[in-house]
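Breakdown of the fold
Each chain, written out:
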Amino acid sequence: MASEYHELERKFDVTPDLALSGLEELPEVRSVSPSQDIQLDMDYYDTSGRSLLAAGITLRRNRGDGNTGWTLEIPAGRHDRRQFTAVSTSTEIPAELVDQARAWIRDHDVALVANIRTHRTTCWLLGADDQVLARINDDSVIAGAEGPPGGILVGWREWEVELAEGSDRLLRATRRRMLDLGAIPARSATLSRALGERRAASGATAALSAATPAGPVLQSYLREQVQALLGCDHGVRNDQHDAVHRMRVASRRLRTALSTFGLLVDRSLTDPIREELQELATILGLARDAEVQQARFDHAIQAEPAELTMGPIQEWINQDLQTQYAHGHAEALRAVSSKRYFRLLDQLDALAAAPPFTEIAALPAGKVLTKPVRRAYEKLAADVSGARAAATEAERDELLHDARKLAKRLRYAAEAVAPAFGHPATKLAEAAGSVQEILGEHQDSVVARQVLTEMAARAYLEGQNTFSFGRLHAHEQIRAEQAERKFGAVWDKGSAEKLRRWLR
């Protein structure tokens, strides 16, 4: 079993003769521990396409000074990293670490790409009661690359500060001290330097505005959602709470963006990706729908008076929906372990890196991106009008369900362009989200009543008391009616003309 913790660190390049001093003067620091020297010997692994390196991930086997085992580090922010360790003397990569990085390794082979040997001098910044605030490493590094082109041997010196129980204030002060002494922020990751490569700096995204070409605005959103989907992969594999839902949302956002802003991309290349995303979302929905319904029924049953809860309704519902969830999650596992899924991830990588833009994408965002958002609103408004004029409850339920999907489409469209259009787009996205939420409550009630009717019929045939099923069904009917009444006010607010003035 791999252990996990978060690592917050800064690295600096330094010259061989630079002395590290003044650490005892830093805020919160009461003393500095005596220095200790250790020798580290690390083998780094990656795919032939360097997919881990491209994602800022490192997978290494640690040797030297008793530190034997494997470590996987995955970025969790600009400086924060999630670190997974597995104690092992085997030369085989632990399966649990491969599983953590499966979204990037996929079905590719992983092999040794570099060996890095480090002479490390370490001291600790101590606070009150000898509390360890931070660790300071002074590293002299010799690195060699494996495989073609081979023969690369490089050396350098670096300082590293790794925060433990100290504050961000201490981290900032330590950084300032090292810069004042003559250190400079590390120019590239350790493995990149060992391989003789340079990774692009992970600085702030270029400012976007209505004057920006439309392409970069859409590309920024696509990159964000691809990263969100990849970030959910491990959670889905390990059945973590809400992971299936978050991956499904990311797939829907990607699919919606490629559809709503379809004039900006070559549809012959992106439509197949949309179809694959649709298939993935459908499979994920099997588990997600059961998860939503179980949470809904659990809450409803807990609210029921004990004297009116008749028969083993809780056990019946739990068994039924847990079985559905288990089946759905098994299908999701099969999907994310398939070559089809891995090829989809390859396509998404390429899409995020270089979308197949049309000439329209070079035009200013203000001239190109507002029309698709306005069209998304107009489709929603037309559907809402149709629902209000529906002749039957069944027809109204269907149209309100369609309106919910269109509200979600509008919300995602406004979110996608918000970095360029700012507050007005954000407000429209929030309004569309409110419409989506109230219609979601209505649709969840429609589905819940269908599920309860089917369960009650089976329970009756097995001789169970179905009284409580009827009560829950009645409550769901009331919830649907309440949602419909609230919808009028939500829609009036969300459809206000002032929210769309920026779309003219």
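Further up the page is the structure itself.
Here is what the cut-offs are and how they apply
- Residues numbered from 1 in each chain as written.
- Predicted model: local features only at pLDDT ≥ 70, side-chain atom pairs only at ≥ 80, totals over all residues.
- Heavy atoms only, no water.
- Helix = DSSP H or I, 4+ residues; strand = E, 2+ residues; numbered from the N terminus.
- Buried < 20%, exposed > 50% of the residue type's maximum accessible area, 1.4 Å probe, protein only.
- Contact = heavy atoms within 4.5 Å.
- Areas by Shrake-Rupley, 256 points an atom, 1.4 Å probe, with all protein chains shown as cover.
- Lys, Arg positive; Asp, Glu negative; His and termini not counted.
- Charge placed at Lys NZ, Arg CZ, Asp CG, Glu CD.
- Expected span 1.5 Å × (residues − 1).
- Pairing = 2+ DSSP bridges.
- Axes fitted to C-alpha atoms, helices over the stretch in contact; angles between N-to-C directions.
- Parallel < 35°, antiparallel > 145°, perpendicular 65-115°, else oblique.
- Left-handed = near helix turned anticlockwise from the far one by under 90°.
- Nonpolar A, V, L, I, M, F, W, Y, C, P; charged D, E, K, R; others polar.
- Core = buried A, V, L, I, M, F, W, Y, C linked by side-chain atoms within 4.5 Å.
- Polar contact = N/O pair within 3.5 Å; in protein donor to acceptor, adjacent residues only side chain to side chain.
- Phe/Tyr/Trp six-rings, centres within 6.5 Å; stacked < 30°, edge-to-face > 60°.
- Lys NZ or Arg CZ within 6 Å of the ring centre and 35° of its normal.
- Salt bridge = Lys/Arg side-chain N within 4 Å of Asp/Glu carboxyl O.

1. Comments concerning the overall build of the protein chain
Within the protein chain one finds 15 helices and 10 strands. When the backbone C-alpha atoms are referred to their principal axes, the protein chain occupies close to 85 × 60 × 50 Å. Burial status across the protein chain gives 48% buried among its 504 residues. For the protein chain, the share of sequence-separated contacts (at least 6 apart) that also reach a separation of at least 24 residues comes to 73%. Carbon and sulfur atoms form 51% of the exposed surface of the protein chain, whose accessible area is close to 24400 Å². One way to put it: in the protein chain the 64 positive side-chain charges average out to a point 7 Å from where the 71 negative ones average out.

2. Brief notes about helix H15 (residues 467–494)
Look at H15: 40 Å from first C-alpha to last across 28 residues, which is about the 40 Å you get at 1.5 Å a residue. Those residues of H15 that sit buried are Ser468, Phe469, Leu472, Glu476, Ala480, Ala483, Phe487, Gly488, Trp491 and Gly494. Contact partners of the buried residues in H15: helix H8 (267–303), helix H9 (313–336), helix H12 (370–388), helix H13 (393–421) and helix H14 (423–461).

3. Structural notes on the pairing of strand S3 (residues 36–47)
Here 12 bridges tie S3 to strand S7 (residues 110–126), and the two strands are oriented antiparallel to one another. Within S7, the residue paired with aspartate 41 across the bridge is arginine 117. Relative to strand S4 (residues 58–63), S3 runs antiparallel, the two sharing five bridges. Of the residues in S4, the one forming a bridge with tyrosine 45 is leucine 59.

4. Looking at the packing of H8 against H9
Following both chains from N to C, one finds H8 and H9 inclined at 160°, their axes separated by 7 Å at the closest point. Classed by the angle they form, the pair H8 and H9 counts as roughly antiparallel. The hand of the H8/H9 crossing is left-handed. Split by residue class, the contact of H8 with H9 holds 13 nonpolar, nine polar and three charged.

5. Points about the pairing of strand S8 (residues 132–145)
Note on strand geometry: in a regular strand, side chains alternate between the two faces of the sheet. With 10 of 14 residues buried, S8 lies mostly within the body of the structure. Hairpin connection of S7 to S8: five residues between the antiparallel strands, including aspartate 129 at a positive phi of 55°. Looking at chain direction, S8 and strand S9 (residues 153–163) are connected through 11 bridges and run antiparallel. Each bridged residue has a counterpart across the sheet, and for glycine 144 the counterpart in S9 is leucine 153.

6. A short note on the nonpolar core
Counting residues in hydrophobic clusters, the biggest one holds 93 residues, and the most contacted among them are Leu229, Phe261, Leu348, Leu369 and Val373. Not counting residues within four places of it along the chain, the set of residues in contact with leucine 348 comprises Val226, Leu229, Leu254, Ile273 and Leu277. Formed by 19 residues, the second largest nonpolar core is a distinct cluster that contains Val14, Leu23, Leu125 and Val161.

7. Focus: the side chain of arginine 60
Along the chain, arginine 60 falls in strand S4. On the basis of relative accessibility, which here comes to 11%, the residue arginine 60 falls in the buried class. A distance of 3.2 Å separates polar atoms of two side chains, one belonging to arginine 60 and the other to asparagine 62. When residues no more than four places from it in sequence are discounted, the contact partners of arginine 60 are Met42, Asp43, Tyr44, Gly69, Trp70, Thr71, Glu73 and Gln83.

8. Regarding the packing of aromatic side chains
Tallied over the full model, the rule gives five aromatic pairs. A centroid spacing of 6.4 Å and a plane angle of 25° characterise the contact between phenylalanine 487 and tryptophan 491, whose relative ring orientation is stacked. Of the two residues, phenylalanine 487 and tryptophan 491 are both situated in helix H15; the distance of four residues between them amounts to about one turn of the helix. Grouping residues by exposure puts phenylalanine 487 and tryptophan 491 together as buried. Positioned above the aromatic ring of tryptophan 156, the side-chain terminus of arginine 193 is 4.7 Å from the ring centre.

9. Notes on the pattern of salt bridges
Opposite charge on two side chains permits them to pair, given that their charged atoms come into close proximity. For the coordinates displayed, the defined rule picks out 37 salt bridges. Note that arginine 193 and aspartate 13 form a salt bridge whose closest N and O atoms lie 2.8 Å from each other. Taken together, the residues arginine 193 in helix H5 (residues 190–194) and aspartate 13 in strand S1 (residues 3–14) connect sequence positions 180 residues apart. Judged on exposure class, the residue arginine 193 and its partner aspartate 13 are both buried. The closest approach of N and O atoms between arginine 449 and glutamate 393, which form a salt bridge, is 3.8 Å. You can see arginine 449 sitting in helix H14 and its partner glutamate 393 sitting in helix H13, a full 56 residues away along the chain. Three or more residues are tied together by salt bridges with common partners; here these are Arg106, Asp107, Lys339, Arg343, Asp346 and Asp349.

10. Some remarks on the packing of H9 against H15
One way to put it is that H9 packs onto H15 with a least axis distance of 10 Å and a crossing angle of 70°. Our classification of the angle between H9 and H15 gives roughly perpendicular. The segment H9 lies against H15, with Ile313, Trp316 and Ile317 engaging Ser468, Phe469 and Leu472.

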